[in-house]
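# Coordinate analysis (summary)
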Amino acid sequence: MAPIGGKDAHRSDLVFLLQNDQSQPPLKTPQHVDRMKRNSGDPYWSRLETRVWTVTLLMGTCLLYCARASMPICAVSMSGYFGWDKRQSGIALGSFFWGYCVTQVAGGHLSDKVGGEKVILLSALSWGFITAVTPLAAHVTKDPLLLVSLLRFLMGLFQGVHFPALASLFSQRVRDNERAFTCSAVGCGSQLGTLLIGGVGSVLLEWYGWESVFYFAGFLTLSWGYCLSTYLLKERERIITFEDLGKGFSRSTQTSVSWKRLFRRAAVWAVIIAQLSVASTSFTLFSWVPTFFKERFPDAKGWVFNVVPWLVAIPSAIVSGLLSDYLIAQGYKTIWVRKLMQVCGMGLSSLFILCLAHTNSYCQAIAFASVAVGLQTFNHSGITVNVQDLAPSCAGFLFGVANTGGALLGVVWVYLSGYLIESTGSWGPMFHLFFVYLLPFLPIEDVDSNIIRMNKKTTSGQERLKKQMGKYQPQ
């Protein structure tokens, strides 16, 4: 094989190997792939790293929901133990969501600046510790309601940064053609966590008391955080220093985004409105569907309608991610694929929810609820990834803004749904409200020159190598 000469003589050895000796086995090993990625300045994870991080963050999201649902599972037992009435139990339960709404924007913005992995680790260790010490704190104080409510509020503060940090992390470290599956796989951790704490937590509650549920979720989370810190993160990525905080909340003329220009774009408002709809719909559905089944079908087994829809949701989330990435790989426009996923997640799921309101068959109701919940997971491949497509340099901030509004609207929507059910004596009006969420999904576009510059700076090393070799074809 002849060496490269003339004007090609200055090419790197790596380019030479790629062009002239592609059959060499060492280039196919994960070690060489990672070395090539580092040498080329590629900011994205390799395929092996993406898989490892996907599984790790899936487990983290699962544990987040385990910790979040510990209090609802133990609420009845704790009320009996401490003598709380329903109003007092409601205070303890509701305090979480007020904290959850406070840190979404700040957590997303900080993740954009210092790295989502740092924010995720710090928050997980914090809410894991809070979960583990909740039983001890409740027993040592004279006013357990006040202290438990305060701890739940603090847990909401720390958990509020998790999903904005994920959006920021994926926008910076996951390639476009792998992003939908990664988001969908990690997102289904919420259903997995709900199932895990519902099954294991119920057994622990019956055998060892309500304290064991908090210990289970808390110590598992702390163990997960230790493994993340030890095996995946470098030393400089494990803590957020005061220098990082100053960097995160200072305004840089080189990388800051013009917020006025950002929020003048129709696509940005489409993202925010869609996320408002998705979050509040999911929150309302999660809150009221169990009560609907109990009242409409009083003889039904609770474990069926509390488990089956979430079992359907897990494979549905995986399929939506695989389908989205497959369509993009086949040459379909990214914007078209995102819209398709969102139509399934919002439009089709709303139709099945409407069918749920008008059926008197228990089997049909289970089927409609399962399909509706399953289709809602398509939102992970739609709006969730769309935030990252639209503004990769501030994806965490935008997702935080939208998710804050969604959480607040969800609280209001739950109360409004309860009012409609009580005043009309029917479930129909509540389910009809879901048609409000059939909103247009506007196009994706670049929204700021700073973002465009940052996107150009983060072009993958592999693409640069192909461009040097004359094989680069822009999509």
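In the nomenclature of an unreviewed UniProt entry, the chain is known as Voltage-gated purine nucleotide uniporter SLC17A9 of Engystomops pustulosus. Listed in UniProt under the heading Sequence similarities (unreviewed entry), the comment for the chain reads: "Belongs to the major facilitator superfamily. Sodium/anion cotransporter family."

Quick look at the packing of aromatic side chains now. Two aromatic rings, taken as a pair, are described by how far apart their centres are and by the angle between their planes. A complete count under the given rule lists 21 aromatic pairs for this structure. Between Y81 and F82, the ring centres sit 4.9 Å apart and the planes meet at 80 degrees, which makes this aromatic pair edge-to-face. Geometrically, the ring pair formed by F297 and Y362 is edge-to-face, given 5.4 Å between the ring centres and 65 degrees between the ring planes. Linking F297 in the loop between α14 (266-296) and α15 (302-329) with Y362 in helix α17 (residues 362-376), this pair joins segments that are 65 residues apart in sequence.

Okay, the nonpolar core next. Side chains of nonpolar character tend, in soluble globular proteins, to be buried together. If you look at the biggest cluster of nonpolar residues, it comprises 70 residues, and the most contacted ones within it are L57 and M78. Element by element, the count of residues in this core is highest for helix α3 (residues 47-82), at ten residues. Formed by 28 residues, the second largest nonpolar core is a distinct cluster that contains F305, L356, A372 and F431.

Now for the UniProt feature "transmembrane region" (unreviewed entry) in the chain. If you check UniProt for "transmembrane region" (unreviewed entry), the listed places come out as residues 119-138, 150-170, 182-207, 213-233, 266-288, 308-328, 397-421 and 427-444 in our numbering. In this annotation, residues 308-328 is assigned 100% helix and 0% strand; the end-to-end C-alpha distance for the span is 31 Å. The span residues 397-421 is 100% helix and 0% strand, and its two end C-alpha atoms sit 36 Å from each other.

Attention shifts here to α14. Spanning 31 residues, α14 covers 42 Å between terminal C-alpha atoms, matching the ideal 45 Å at 1.5 Å per step. By the largest-angle criterion, W288 marks the main kink of α14, which is about 35 degrees, and a proline, P290, follows within four residues.

What follows covers the environment of H162. Structurally, the position occupied by H162 is in helix α8 (residues 162-173). What makes H162 buried here is its relative accessible area of 1%. A C-alpha to C-alpha distance of 9.8 Å links H162 and G396, two positions 234 residues apart in sequence. Ignoring anything within four residues of it in the chain, the contact list for H162 reads T61, L64 and I120.

Each value, and the rule that gives it
- Residues numbered from 1 in each chain as written.
- Predicted model: local features only at pLDDT ≥ 70, side-chain atom pairs only at ≥ 80, totals over all residues.
- Heavy atoms only, no water.
- UniProt positions renumbered as here; feature names shortened; annotations may be inferred.
- Phe/Tyr/Trp six-rings, centres within 6.5 Å; stacked < 30°, edge-to-face > 60°.
- Helix = DSSP H or I, 4+ residues; strand = E, 2+ residues; numbered from the N terminus.
- Core = buried A, V, L, I, M, F, W, Y, C linked by side-chain atoms within 4.5 Å.
- Buried < 20%, exposed > 50% of the residue type's maximum accessible area, 1.4 Å probe, protein only.
- Expected span 1.5 Å × (residues − 1).
- Bend = angle between axes of the 7 residues up to and from the residue.
- Contact = heavy atoms within 4.5 Å.

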